[in-house]
Amino acid sequence: MQPTQLADTEEDVISHLMQALHLSSDTLDAHLAFANLFRQRGDSAKAIRLHQNLCGRSGLNAYDQQKIYLELARDYQAAGLLDRAEHLLLDLVKSPHADLRRQSRILLTKIYEQEREWHKAIQTLSPYMLRDHYRFRRACSHYYCELAAYATRQQDTQAAYAYLQQAQQQDEANIRIYWMRGELQLAQAQYTAALASLQSIQTYQAPFLPLTFAMQQAAYQALDAWPQWQDYLETCLRDYQWSSAALYLAQAYRQQKGAHAALQVLKHFFVRDPQLNLALHLLEWHQLEQQEFPHLPQKIDRQVSEAFYTLLLELQNKMPAFLCQNCGFSGHTLYWQCPKCQHWGTYQPQHQ
């Protein structure tokens, strides 16, 4: 028997079971579970057919009918038929039953996320959802950040700042707000304000702070404040032992005193706290020093040095830079929304 024949037979069996099982409020959940099996297995078309068949059967009250419509909306969303799902859900959010209203609003916001309709997503979240559930406030805060990002691309800086303020009102701990505000201020040459915004990330989620070092360095450089930048990095090293801080401190020394001085700084921190990232840069900068000062004796054979560098780079590429605290998804690119579980603000740095 071919796989498609087997699948069709399975659908027929489930359909017969559903027809044999008397449909009532007591048995509705069993009927829905049968149909949902197909959606969970990725066969939304069959789930839609089974749920549509349930809609046409008698013996159910209004609440039961709405439960079927909610599952049908889930089928439509899974199948990518977002307009049909939205049409059903816009009626269900008016249901007299609080549980159906809540589930419908949650699903509707997910659809608006997929469509990037951020204003509609914000409007769909009810006041009690925002008041009683932090995850909805966090999501709403990111919706405003998405609107701020769009306003920035449209060069509407005033609107971008306003959206970020609204994002902060929803979730003050959303570090994306301070990141984006710092970017805007840096672009407007408001360097002191940019530093204040970026450094405030430390208050809420310190592991994100090293990801802003490039922007901070640009601001300190524009202010011609290298001593203050070095002091700040040394403070970060004392408090957190971040390898990124050691690298930027070495870069600052290189800018001021040359490659040899920078290499000595890097060696100092590597010996004190050996880390893969530091080892990579130590080898790279040792090669640069040999090019800059060819008269110095070679302490590491060039071919050996390059081989070590390649090996360490491969090891580093195998280590995830970010990890979702909700589902465990990992990768090397920062996402504000986890690509796997779709939670906002749970994708965090692992190694700095």
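In case you missed it, the structure is sitting above this.
Model, not experiment: these values are computed from the prediction.

**A look at the nonpolar core**
- By size, the foremost hydrophobic cluster in this structure holds 82 residues, and its most contacted members are L89, Y143, F213 and W229.
- Top element by residues in this core is helix 9 (residues 134-153). It accounts for ten residues.
- Beyond its immediate sequence surroundings of up to four residues, W229 is in contact with F213, Q216, Q217, Y220, Y248 and A252.

**As for the packing of aromatic side chains**
- Applying the stated rule across the entire model yields 17 aromatic pairs.
- Taking the centre distance of 5.7 Å and the plane angle of 25 degrees together, the rings of F322 and Y347 count as stacked. Of the two residues, F322 sits in strand 1 (residues 322-324) while Y347 sits in strand 3 (residues 347-349), which places them 25 residues apart along the sequence.
- Residue F322 is classed as buried on the basis of its relative accessible area, which comes to 6%.

**Structural notes on helix 16 (residues 243-257)**
- In this model helix 16 runs 21 Å from its N-terminal to its C-terminal C-alpha over 15 residues, within 8% of the 21 Å that 1.5 Å per residue would give.
- The first or second residue beyond helix 16 is G258, which carries a positive phi of 100 degrees.

**Notes on the packing of helix 6 (residues 98-115) against helix 9**
- Relative orientation of the contacting elements helix 6 and helix 9 amounts to 25 degrees, with a least axis distance of 13 Å. Between helix 6 and helix 9, the interaxial angle falls into the category roughly parallel. Crossing of helix 6 over helix 9 shows left-handed handedness. Taking contact as the criterion, the partners of R102, I106, T109 and E113 in helix 6 are, on helix 9, R135, F136 and Y143.
- In the contact of helix 6 with helix 9, the residues fall into three nonpolar, one polar and three charged.

**Considerations on the sheet that holds strand 2 (residues 330-331)**
- In spatial order, the strands read 2-1-3; together these three strands make up an open sheet with antiparallel pairing. Either end of the sheet is taken by a strand with one partner, and the two such strands are strand 2 and strand 3.
- Across three bridges, strand 1 lies against strand 3 in antiparallel orientation. Paired with C324 across the two strands is Y347, which belongs to strand 3.

**A look at the pattern of salt bridges**
- Evaluated as defined, the whole model comprises ten salt bridges.
- Note that D29 and K67 form a salt bridge whose closest N and O atoms lie 3.0 Å from each other. Here D29, found in helix 2 (residues 28-40), pairs with K67, found in helix 4 (residues 62-78); they are 38 residues apart in sequence, far enough to count as distant.
- Two residues, E71 and R74, come together in a salt bridge whose shortest N-O distance is 3.4 Å. Of this pair, E71 and R74 both sit in helix 4, three residues apart, roughly one helical turn.
- Because the salt bridges share partners, they merge into one network encompassing R39, E71, R74 and D75.

**Thoughts on the environment of T157**
- The residue T157 is located in helix 10 (residues 157-170) in this model.
- Along the primary structure T157 and Q185 are separated by 28 residues, whereas in three dimensions their C-alpha atoms are 9.8 Å apart.
- In this structure, T157 is in contact with L184 and Q188, ignoring residues within four places of it in sequence.

**What about helix 4?**
- The first and last C-alpha atoms of helix 4 sit 25 Å apart over 17 residues, in line with the 24 Å expected at 1.5 Å per residue.
- With respect to burial, helix 4 is a largely interior element, twelve of its 17 residues being buried.
- In the core, the buried residues of helix 4 are packed alongside helix 2, helix 3 (44-55), helix 5 (82-92) and helix 6.
- The N-cap residue of helix 4 is N61: its side-chain oxygen and the backbone nitrogen of Y63 are 3.2 Å apart.

Cut-offs used in this document
Starting from 1, residues in each chain are numbered consecutively following that chain's sequence as written. The predicted origin of the model limits local features to residues at a pLDDT of at least 70 and limits the giving and counting of side-chain atom pairs to 80 or more, whereas totals for whole chains, interfaces and linings rest on all residues. Just so you know, side-chain values use all the structure's heavy atoms and leave hydrogens and water out. In this description, a nonpolar core means a group of buried Ala, Val, Leu, Ile, Met, Phe, Trp, Tyr and Cys residues linked to one another through side-chain atoms lying within 4.5 Å. Summary of the burial criterion: residues with accessible area below 20% of their type's maximum are buried, those above 50% are exposed, and those between are partly exposed, where the area comes from a 1.4 Å probe applied to protein chains only. Runs of E in the DSSP output that reach at least two residues are strands. Runs of H or I that reach at least four are helices, and both are numbered from the N terminus. Should any heavy atoms of two residues lie within 4.5 Å, those residues are counted as being in contact. Two rings belonging to Phe, Tyr or Trp (six-membered ring only in the last case) form a pair when the distance between their centres is within 6.5 Å. Interplanar angles under 30 degrees mark stacking, angles over 60 mark edge-to-face geometry, and anything in between is tilted. To estimate the expected span of a helix, subtract one from its residue number and multiply by 1.5 Å. To obtain an axis, a line is fitted to C-alpha atoms, over the contacting stretch when the element is a helix, and the angle between two such axes runs from 0 to 180 degrees between their N-to-C directions. An angle below 35 degrees is treated as roughly parallel, one above 145 as roughly antiparallel, one from 65 to 115 as roughly perpendicular, and anything else as oblique. Crossing handedness is read from the near helix: turned anticlockwise from the far helix by less than a right angle, it gives a left-handed crossing, and turned clockwise, a right-handed one. We call Asp, Glu, Lys and Arg charged. Ala, Val, Leu, Ile, Met, Phe, Trp, Tyr, Cys and Pro are nonpolar, and the rest, Gly among them, are polar. Between any two strands, at least two bridges found by DSSP are needed for them to pair. Think of a salt bridge as a Lys or Arg side-chain nitrogen and an Asp or Glu carboxyl oxygen that are within 4 Å of each other. Polar contacts, as counted here, are pairs of nitrogen or oxygen atoms within 3.5 Å of one another; within protein the pair requires one atom able to donate a hydrogen and one able to accept it, and residues that are adjacent in sequence qualify only if both atoms are side-chain atoms.

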